[in-house]
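Working through the structure, step by step
One-letter residues, chain by chain:
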2 protein chains.
Amino acid sequence: MNIKSVAKKAGVSVATVSRVLNHPDAVAPDTKEHILSVMESLDYTPNWFARGLKLNRTGVIALLIPDILDLGYMEIAKGVEDVAHQKKYNIMLCTTEEDRGKEKEQVENFLTRKVDGIILVSSFLKNSDLQQIKKQDVSVVLIGKNEDNTGANLVYTDYKAATSEAVKHMIEIGHRKIGMIYGTRPKLENMDKLEGFKKTLMEEGLNYRDSHIVEEENSIEGGYLAASKLLNQADRPEALFVSSDTMAIGAMEKIKQTGLRIPQDIAVVGFDNLKISGFMEPKLTTVAKPMYRMGLVAARLLFDLMEEDEQKEQEPQEILIQSKLKVRKSCGHQDRLKEIF
Amino acid sequence: MNIKSVAKKAGVSVATVSRVLNHPDAVAPDTKEHILSVMESLDYTPNWFARGLKLNRTGVIALLIPDILDLGYMEIAKGVEDVAHQKKYNIMLCTTEEDRGKEKEQVENFLTRKVDGIILVSSFLKNSDLQQIKKQDVSVVLIGKNEDNTGANLVYTDYKAATSEAVKHMIEIGHRKIGMIYGTRPKLENMDKLEGFKKTLMEEGLNYRDSHIVEEENSIEGGYLAASKLLNQADRPEALFVSSDTMAIGAMEKIKQTGLRIPQDIAVVGFDNLKISGFMEPKLTTVAKPMYRMGLVAARLLFDLMEEDEQKEQEPQEILIQSKLKVRKSCGHQDRLKEIF
C-alpha cells in the first residue's frame, strides 16, 4: 500500500495526497476529508521514515538534560514541551548524567537519526562540535553551559550577579560570618556561584574562611553532609549561602537535628526557588531561577532557527534571563531588621 | 556515499558492512575495526531512516506520562530509562495530560513513526486500541490504567489494599473520626483509594461522613483548598488520609497556618512516599508506592515482548508490585500509643 494507490482510489493526483500529508492547511476541506477517508478505508499509514528522507523534516526535537530526577530540569522541559506542543513537534528526552562522553554519544545518535533541532542543558560541547552539528543542518540551542565556548545560541542566567544579590542581602540584614555550601555539579554553574560569593564578601569588606566553604554532591544528602562538616567546627558560620534548594533542604534537616534554630542560630539561603521550598519549615529564602522561562525561550529560539532558511548567515544569539532573590523566613530578614533598628 | 562504497573501499561484501552496522558482535574484531575506520575515512553515516525501513527496528521506545512536572512520574521514567540505556535504546517522552484524545493522538503519531515499543502510564486505551497496536507489531505495556480493560500487559499496584493498610493503622493507633482528601486525577486510581477508605472504615465498624471526604485537584494548592474546607467544619475530622503526598503537603500547610498542631490536633497520612516527604515538618507518614521499580519492571517486560518472536501467541501478563506503609511522625503513632498504653 502506498501513496499512489491512495491517489488512484481517491481519483486525485499523488501531489494532492502528498499535500494532505505535509501541508493539510493548503488543501480544501472537502478534498482533504475525502482523501483521509480513502486512506482509512485502505488502512494506509504514511511511512514517516521515508517521509523523513524526502522532506528532511522529522517533527522531532531532542532535549538533553543532565538528570531526569531533578525538578529544576523538569521545569525547563515543561517550557520546551509547551512550545513543541504548539508546533506539533515531539520531544525526544535523554539524560547526559553530566558526562562529556555520554553527551557526545547522544548527540551523534540524534544526528544520525536526523532530528530537526537539539536543546542541550549544561552542555560540554565545544565550538568545533557546534560547527559540525551546524554543517548537518540541525539547529542547536544551549541552556547554560559547562564549557567556555562562544558562537553558540545560548539562553542563560547570570549566576555571579544572582549570588551577589543574595549575599548582599545577607550582609545588609546583619550577617557577618557567612559560609557557603556548593554542589560538585554542574561544574561551571557552581564555579560562578563560588566566585560571586567570594567577590561580594571582599567588595563589602568582609573576609571568608576556606573552612566555611564546603563542596558536596548536589543532593539532599550532600547538603546534609556539608552542614555536618560546618556545624562540627568550633567557630561555625552564622549564615549559609547554599548553591541549590535541594542541598539547602538537606542542610536545614541537619541544622534542626543538631538542635539549632533557623534563622535565629543559623540563617540559610538557597538557590533555584523550587516549588517545595515555600513549604519547608522555615520557608526557604532563595534565588528564583526562571527555569520554565528558560525552556520556553530556548525552544522559541530553536524554532526560529529551524524555520529560517538563512540561519547559517546569522550571528549566534545570547539571551540572558535574570534570576531574582525571593525573601522568606530562613534568612532571618525580619529578626535581623528588628535587631538593627 | 552509501554502504556499497564502504564495502568497495574496505574490500569486503555489502553483507559484511551491514553486519557491522546491525550485528557488530557477529563480526571478527579486526574486520569490524577495519570497516569502521573506512566508514570514518569516507565520512559515512548510516542512514537510520532507511535502516528503520529495512530492519523494522528503530531503537526507540515511547513513554507516555500524564504530567512532566510530577515527581512520581519522573521516578517511573528513571526506571524505564535505566533499562533502555542498558539496551542502547532511546526514549521518546511525551505527556498526555490525562486527556483521552491527546493520548490517542500521541499513540497514533508513534505508530506512524514506527517505534519498537510503547509504555503508557495511567492509560485510557481500550481493548480494541490495544489490539490495533498489536497488529502493527508494536509491543505495549501499561503502568496502571484508567480504563477497566483486560488483555493488556500491565504493571500495577493495589491501591485498595494499600489504602486499607494505611487506614487500619490509623484506627489501630486510636483515630476514630477519619476524613479523606483525594485528587481528581488519575481518576481510576483515586476511585480505588476512595473505595478502599470507605470499605475499611465500615469493616472496622466505623462510620465515615460524606462531609469529611473532599475531592480537589491533585496539587499542593488542591490539598490546601481541601484542608480549608475540612477545617471550616464545626465537627472536623481528627485524622486525614490524603491520596497523594503532594496534596498532603498543601493540607499540612493549611493546618499549620490555622494554628493547629500535626499530629496532636489533626493527624495526616499521605500516599506516594516522595523523597521530600521525609523532610517535611512533621515528617510525613505515607504509603510508599514503588514507582522507580514499576518503571523498571515495565521496561523489562516490554523488552521481553519486543525480543520474542512469538509474542502474539502469549497471554498478557499482569504484574502486581505492592505498596507499603511508611510510618513517620505525622500520623501520631508515638503520641497515640502513649495514650493507649
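Nothing here was measured: the structure is a model prediction, and the numbers come from that model. (Residues numbered from 1 in each chain as written. Chains lettered and ligands numbered in written order. Predicted model: local features only at pLDDT ≥ 70, side-chain atom pairs only at ≥ 80, totals over all residues. Heavy atoms only, no water.)

What chain A contains, in helices and strands, is 13 helices and twelve strands. Here the C-alpha radius of gyration of chain A, 26 Å, is well above what a compact globule of 341 residues would show, namely 20 Å. On the principal axes, the C-alpha backbone points of chain A span a range of 85 × 40 × 30 Å. Going through the 341 residues of chain A one by one, you find that 53% of them count as buried. Contacts in chain A between residues far apart in sequence, at least 24 positions, make up 70% of those at least 6 positions apart. (Helix = DSSP H or I, 4+ residues; strand = E, 2+ residues; numbered from the N terminus. Rg over C-alpha atoms; globule rule 2.2 N^0.38 Å. Buried < 20%, exposed > 50% of the residue type's maximum accessible area, 1.4 Å probe, protein only. Contact = heavy atoms within 4.5 Å.)

The pair of chain copies shares a relation made of a rotation about an axis and a shift along it. If you rotate chain A by 179° and push it 0.1 Å along the axis, it lands on chain B with an RMSD of 0.2 Å. The transformation just described matches what one would write down for a two-fold rotation axis. Mapped onto chain B, 100% of the interface residues of chain A again fall at the interface, so both copies present the same surface. (Least-squares fit on C-alpha atoms with pLDDT ≥ 70 in both.)

A word on unusual backbone geometry. Trans is the common state for peptide bonds, and a negative phi is the common state for residues other than glycine. A cis amide bond, omega -10°, links R185 of chain A with the succeeding residue P186 of chain A. Checked against the element boundaries, P186 of chain A lands in the loop between β6 (178-183) and α9 (187-203). Here I262 of chain B and P263 of chain B are connected by a cis peptide whose omega angle stands at 5°. Turning to its location among the elements, P263 of chain B is positioned in the loop between α11 (245-257) and β9 (267-272). In this model, D272 of chain B sits at a positive phi of 130°, which is unusual for a non-glycine residue. In this structure, D272 of chain B sits in strand β9.

All names here are of chain A. For the structure on display, the rule yields 40 salt bridges over all chains. Among the ionic pairs, E195 bridges to K160, the shortest N-O distance being 3.6 Å. With E195 in helix α9 and K160 in helix α8 (residues 159-172), this pair connects stretches of sequence that are 35 residues apart. Exposure remark for E195: the relative accessible area of 41% places this residue in the partly exposed category. Here K160 falls in the partly exposed class, since its relative accessible area comes to 33%. As a salt-bridge pair, D235 and K177 come within 2.6 Å of each other at their nearest N and O atoms. Of this pair, D235 sits in the loop between α10 (220-231) and β8 (239-242) while K177 sits in the loop between α8 and β6; the two residues are 58 residues apart in sequence, bridging distant segments of the chain. For D235, a relative accessible area of 27% gives the class partly exposed. Taken together, the shared-partner salt bridges in this structure form one network comprising K78, E81 and D82. (Salt bridge = Lys/Arg side-chain N within 4 Å of Asp/Glu carboxyl O.)

Below, the discussion takes up the pairing of β9 of chain B. Residues and elements named next belong to chain B. Counting buried residues along β9, six of its six residues qualify, which places the element largely inside the surrounding structure. When strand β8 (residues 239-242) meets β9, the two strands line up parallel, connected through three bridges. Each bridged residue has a counterpart across the sheet, and for F241 the counterpart in β9 is V269. For the handedness criterion, the β-α-β arrangement of β8, α11 and β9 is classed as right-handed. As paired strands, β9 and strand β10 (residues 285-288) are joined by four bridges and run parallel to one another. Counted as the bridge partner of D272 is A288 from β10. (Pairing = 2+ DSSP bridges. Right-handed = clockwise from strand over helix to strand, strands pointing away.)

With that settled, the discussion passes to the packing of aromatic side chains. Residues and elements named next belong to chain A. The final tally for this structure, using the stated rule, is eight aromatic pairs over all chains. The interplanar angle of 50° and the centroid separation of 5.9 Å between the aromatic rings of Y159 and F271 together place this pair among those described as tilted. Placement of the pair is Y159 in helix α8 and F271 in strand β9 (residues 267-272), with a sequence separation of 112 residues. With relative accessibility at 10%, the residue Y159 sits in the buried group. Aromatic side chains F241 and F271 sit 6.4 Å apart centroid to centroid with 80° between the ring planes, which places their arrangement in the edge-to-face category. One end of the pair, F241, is in strand β8; the other, F271, is in strand β9, with 30 residues separating them in the sequence. (Phe/Tyr/Trp six-rings, centres within 6.5 Å; stacked < 30°, edge-to-face > 60°.)

Looking now at the confidence of the model for chain A. Residues and elements named next belong to chain A. Per-chain confidence: chain A averages 88 in pLDDT, with 93% of residues scoring 70 or above. Every residue in residues 48-54 scores below 50 in pLDDT, and together they form 17 contacts with partners more than four places removed in sequence or on other chains. Here the prediction assigns the complex a pTM of 0.78, and the interface score ipTM is 0.74. (pLDDT = per-residue confidence, 0-100.)

This part covers the side chain of E75 of chain B. Relative to the assigned elements, E75 of chain B resides in helix α5 (residues 71-86). Apart from residues no more than four positions distant in its own chain, E75 of chain B is found in contact with L69 of chain A together with M291 and Y292 of chain B.

Attention now goes to the sheet that holds strand β2 (residues 90-95) of chain B. Working definition: the strands of a sheet are paired by backbone hydrogen bonds and lie parallel or antiparallel to each other. Residue and element names in this part refer to chain B. As summarised here, the arrangement of the six strands in space is β2-β1-β3-β4-β5-β11, forming an open sheet in which the pairing is parallel. Looking along the sheet, the strands with just one partner apiece sit at the ends: β2 and β11 (318-320). Pairs of neighbouring strands in the sheet enclose a mean axial angle of 15°, with direction left out of account. Strand direction decides the pairing type here: strand β3 (residues 117-123) and strand β4 (residues 139-145), joined by six bridges, are parallel. Across the sheet, S123 pairs through a bridge with K145, a residue of β4. (Axes fitted to C-alpha atoms, helices over the stretch in contact; angles between N-to-C directions.)

The next subject is the domain arrangement of chain A. Once the domains are mapped, chain A shows domain 1 (3-46), domain 2 (60-156 + 292-308) and domain 3 (159-289 + 325-338). Computed over C-alpha atoms only, the centres of domain 1 of chain A and domain 3 of chain A are separated by 62 Å. (Domains from an automatic or database assignment.)

The parts lose accessible area when they come together, and the size of an interface is often stated as this lost area. Tallying the contact residues gives 42 residues for chain A and 43 residues for chain B. Across the interface of chain A and chain B, roughly 4,500 Å² is buried in total on both sides, 61% from carbon and sulfur atoms. At the boundary of chain A and chain B, one finds six salt bridges. Linking E221 of chain A and K275 of chain B is a salt bridge whose minimum nitrogen-to-oxygen distance equals 2.7 Å. Applying the counting criterion to the chain A and chain B interface returns ten residue pairs in polar contact (both at pLDDT 80 or more). (Buried area = accessible area lost by both parts, 1.4 Å probe. Polar contact = N/O pair within 3.5 Å; in protein donor to acceptor, adjacent residues only side chain to side chain.)

Okay, the environment of S323 of chain B next. All names here are of chain B. With respect to the secondary-structure elements, S323 resides in the loop between β11 and β12 (324-326). The buried category is assigned to S323, whose relative accessible area is 4%. Residues S323 and L231, 92 residues apart in the sequence, show an inter-C-alpha distance of 29 Å. Discounting residues that sit within four places of it in the chain, S323 has contacts with T157, A162, E165, V287, A288, K289 and P290. A polar contact of 2.8 Å, which involves the side chain of S323, links it to the side chain of T157.

What follows covers the packing of helix α8 (residues 159-172) of chain B against helix α9 (residues 187-203) of chain B. Residue and element names in this part refer to chain B. Contact geometry for α8 and α9: axes closest at 8 Å, N-to-C directions at 40°. Relative to α9, the element α8 lies oblique. Crossing hand, α8 versus α9: right-handed. Contacts between α8 and α9 pair Y159, K160, T163, S164, V167, K168 and I171 from the former with E189, D192, K193, E195, G196, F197, T200 and L201 from the latter. Looking at the contact of α8 with α9, its residues break down into five nonpolar, four polar and six charged. (Parallel < 35°, antiparallel > 145°, perpendicular 65-115°, else oblique. Left-handed = near helix turned anticlockwise from the far one by under 90°. Nonpolar A, V, L, I, M, F, W, Y, C, P; charged D, E, K, R; others polar.)

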